[in-house]
Amino acid sequence: RKHLLEIPPPSEKDWLKDDEEDFFLQDPDQMRDALPQPFRMINKLVMLVFENAMEIIERREMLREVQKLKVQPTKCFPTAEFQVTGRANCLAVSGKYIFVGLSVGLAAFKVSDYKEVCAWDAAKMEICAIRVSDLGNDHHVLLAVDEMGLVWLFCFHKESFLVIKILNEVEDISKRSACTEVVLSPGGDYAGVLLQGNIKAWLEIYRLPKDSWLKEVEKSPGSAAGLACRERRAQHSSQAEVFFLLQESPVSANKADAKLTLPVLLLKVKPPKPITGSSFKSPLDALKKVDEDSMLGLGYNHLIKESQWEQQEAIFRSTFREYLEAEGEREIKEEIPRHATFHFLLPSRILPVGPEVKVQPDVPAGISVHWDGSHNLCLYSLNCPLKEKVDPDPKPDVVWPCAAPIACSAVSSCSRYLALACEDATITIWDKHLGYPLCVIAVLEERLIRSIHFL
């Protein structure tokens, strides 16, 4: 050859393209990873699902961290268990005792060691509800309602039950009335029993002579011997941290020979009657029926004639005839309410008290009662003198009319504040000591308030 070998100049096809300048940074196996369709679409969907799953996991971890920062409620576990004879229906705690209503009677346990100290099963009745109050000096008063609706009044003294009276017991079984609700005032001075017969209902308020009971049981300590029940000895395991107390079979209690002073029926409140046409001939006749200076009542002493109500009813039916025909003609009969809600009230300005009456600040001075479907809250004074014959239809001392029927009510633990919830979803808080409302709260429309409580 004439000329030496030289490197030929590069051609354009050998030049590096712009997207291949960083070829040394790429995965050498990238060419083999390229997938054809439809595998590339499947791979994309799988990656999308994976990314969404990671987002959900991160969100849940954040929520878990937020929950850890919140205050966790304290978990309480039972420290002891005790067995009872039969089935336990209800219980109440007073002082250092736990009273349990059983399917075969009553039983009392000590709070300190959960040992059964007394059992009462003389009547072999199932106890459905218990109310208890501490009278002091290791004495307690109990109200127990059995399966037949009878209200048993007990005095618990020296770890024994003393039967005082069955409040609604009658000789004729056909005239027997069942108890639907029972309330014991704080301190055990009064008891309220709501009774229901075949066609009517009424409320009975009893005054409990607790001071006489304390003196009578101390003077005759042997009278309670008939009801004294031997203390059960507990069999428990010393190795277990949570011990179980197994009680022996209860011993039947005999009827006590003790004769304690019987409670006194103070009031018998009946539901309000439907308002009918007036029989008064002039306003003067209606004013004569008004007691003292009271201007608000239950609405019986009015001047609306029966013919006026009939005329108003005829106008209403003629005006809304097409709506009544669409819904169908139905006889609307005004039924007498059969359930009431009542509370014991401590002395306050809303209840009139005479200067000759001595009022104790911790003893209830009255009750508030409202019946189902009624607009009126009726207040009755408990400082009335005792009579040989109870007034069959007592009139309320104070009447609070509301704009809508009262659905439920509640009284604070200090008995100063009274809350009324009406069917129009409004709640009114009253200060009974001052005698005026503190506030009115309107709840959302179309909401029915069924219960209300103070915290």
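Quick caveat: nothing in here was measured; it's all calculated off a predicted structure. (Residues numbered from 1 in each chain as written. Predicted model: local features only at pLDDT ≥ 70, side-chain atom pairs only at ≥ 80, totals over all residues. Heavy atoms only, no water.)

(A) Representation of the overall build of the protein chain in the model. Counting its regular elements, the protein chain contains six helices and 22 strands. For the protein chain, the proportion of its 455 residues judged to be buried stands at 34%. As displayed, the protein chain has an accessible area near 30,900 Å², and 55% of this comes from carbon and sulfur atoms. (Helix = DSSP H or I, 4+ residues; strand = E, 2+ residues; numbered from the N terminus. Buried < 20%, exposed > 50% of the residue type's maximum accessible area, 1.4 Å probe, protein only. Areas by Shrake-Rupley, 256 points an atom, 1.4 Å probe, with all protein chains shown as cover.)

(B) Region of interest: the packing of aromatic side chains. Under the criterion given, the structure shown has twelve aromatic pairs. Ring centres 5.9 Å apart and planes at 70° place the aromatic pair Phe154 and Phe161 in the edge-to-face group. With a relative accessible area of 0%, Phe154 lands in the buried category. Between the aromatic rings of Phe342 and Phe344, the centroid separation amounts to 6.5 Å while the plane-to-plane angle is 80°, which identifies the pairing as edge-to-face. (Phe/Tyr/Trp six-rings, centres within 6.5 Å; stacked < 30°, edge-to-face > 60°.)

(C) Focus on the pattern of salt bridges. Taken as a whole and judged by the stated rule, the model has five salt bridges. When the shortest N-O distance is used, the salt bridge between Glu159 and Lys110 registers 3.6 Å. With Glu159 in the loop between β8 (151–157) and β9 (161–166) and Lys110 in strand β4 (residues 106–110), the pair connects residues that are 49 residues apart, well separated along the chain. Classification of Glu159 as partly exposed rests on a relative accessible area of 22%. Its relative accessible area of 23% is what places Lys110 among the partly exposed residues. (Salt bridge = Lys/Arg side-chain N within 4 Å of Asp/Glu carboxyl O.)

(D) Quick look at unusual backbone geometry. Notably, Lys158 is not glycine yet its phi reads approximately 50°, a positive angle. Taking the relative accessible area as the measure of exposure, Lys158 reaches 51% and is therefore exposed. Its identity as a non-glycine residue notwithstanding, Ala425 has a phi of 65°, on the positive side. Locating Ala425 in the fold gives a position in the loop between β20 (417–422) and β21 (426–431).

(E) The side chain of Ser415, seen in detail. Relative to the elements of secondary structure, Ser415 occurs in the loop between β19 (406–411) and β20. Looking at Ser415, the relative accessible area reads 5%, which means it is buried. For Ser415, the side chain forms a polar contact with the main-chain nitrogen of Leu346, separated by 3.2 Å. In contact with Ser415, not counting residues within four places along its chain, are Phe344, Leu345, Leu346 and Lys432. (Polar contact = N/O pair within 3.5 Å; in protein donor to acceptor, adjacent residues only side chain to side chain. Contact = heavy atoms within 4.5 Å.)

(F) Layout of the nonpolar core. Ranked by internal contacts, the top residues of the largest apolar core, which has 23 residues, are Leu143, Leu153, Val193, Leu208 and Trp213. Broken down by secondary-structure element, the contributors of at least two residues to this core are β6 (127–136), β7 (139–146), β8, β9, β10 (178–184), β11 (190–196), β12 (201–207) and α3 (210–219). What Leu153 contacts, discounting residues up to four positions off in sequence, is Val141, Leu142, Leu143, Leu162, Val163, Ile164, Lys165, Leu167, Leu208, Trp213 and Pro263. Tyr97, Ile130, Trp152 and Phe156 belong to the second-largest nonpolar core, a separate cluster that totals 20 residues. (Core = buried A, V, L, I, M, F, W, Y, C linked by side-chain atoms within 4.5 Å.)

(G) Summary view of the pairing of β11. For β11, a buried count of six out of seven residues is recorded, marking the element as mostly surrounded by other parts of the structure. Here β10 pairs with β11 via six bridges, running antiparallel. In the strand pairing of β11, Cys179 is matched with Leu195. Here β10 hands over to β11 after five residues, with Gly187 in that stretch at a positive phi of 100°. Sheet analysis places β11 next to β12, joined by seven bridges and oriented antiparallel. From the neighbouring strand, Gln196 faces β12, where its bridge partner is Ala201. Hairpin geometry of β11 and β12 is characterised by an intervening segment of four residues between the two adjacent antiparallel strands. (Pairing = 2+ DSSP bridges.)

(H) Representation of a nonpolar patch on the surface. Taken together, Phe39, Met41, Ile42, Leu45, Val46 and Leu48 make up a surface patch of nonpolar side chains, about 580 Å² in accessible area. Among the secondary structure elements, Met41 is positioned in helix α2 (residues 39–69). Exposure remark for Met41: the relative accessible area of 47% places this residue in the partly exposed category. (Patch = residues over 30% accessible without salt bridge, like charges linked within 9 Å, V, L, I, M, F, W, Y side chains within 5 Å.)

(I) Molecular detail of the sheet that holds β10. If you walk across this open sheet you meet the four strands as β10-β11-β12-β14, and the pairing is antiparallel. In this open sheet, the two edge strands, each paired with only one partner strand, are β10 and β14 (264–269). Neighbour to neighbour, the strand axes of the sheet diverge by 20° on average, direction disregarded. (Axes fitted to C-alpha atoms, helices over the stretch in contact; angles between N-to-C directions.)

(J) Representation of the confidence of the model for the protein chain in the model. This prediction gives the protein chain a mean pLDDT of 78; 73% of its residues lie at or above 70. For the protein chain, the element scoring lowest by mean pLDDT is strand β13 (residues 243–245), at 28; β11 scores highest, at 93. Here residues 222–257 is modelled with pLDDT under 50, and outside its nearest four sequence neighbours on either side it reaches 81 contacts, counting other chains as well. (pLDDT = per-residue confidence, 0-100.)

(K) Focus on the pairing of strand β3 (residues 97–102). Burial analysis of β3 places six of its six residues in the buried class, the great majority of the element. In β3, alternate side chains face the same way, and those of Tyr97, Phe99 and Gly101 on one face and Ile98, Val100 and Leu102 on the other are all buried. Relative to β3, strand β2 (residues 88–94) runs antiparallel, the two being bridged by six bridges. Along β3, the bridge assignment pairs Ser94 with Tyr97. The turn joining β2 and β3, which pair antiparallel and follow one another in sequence, is formed by two residues; a positive phi near 65° is taken by Gly95. For β3 and β4, the ladder comprises five bridges, and the chain directions are antiparallel. Counterpart to Val100 in the pairing with β4 is Ala107.

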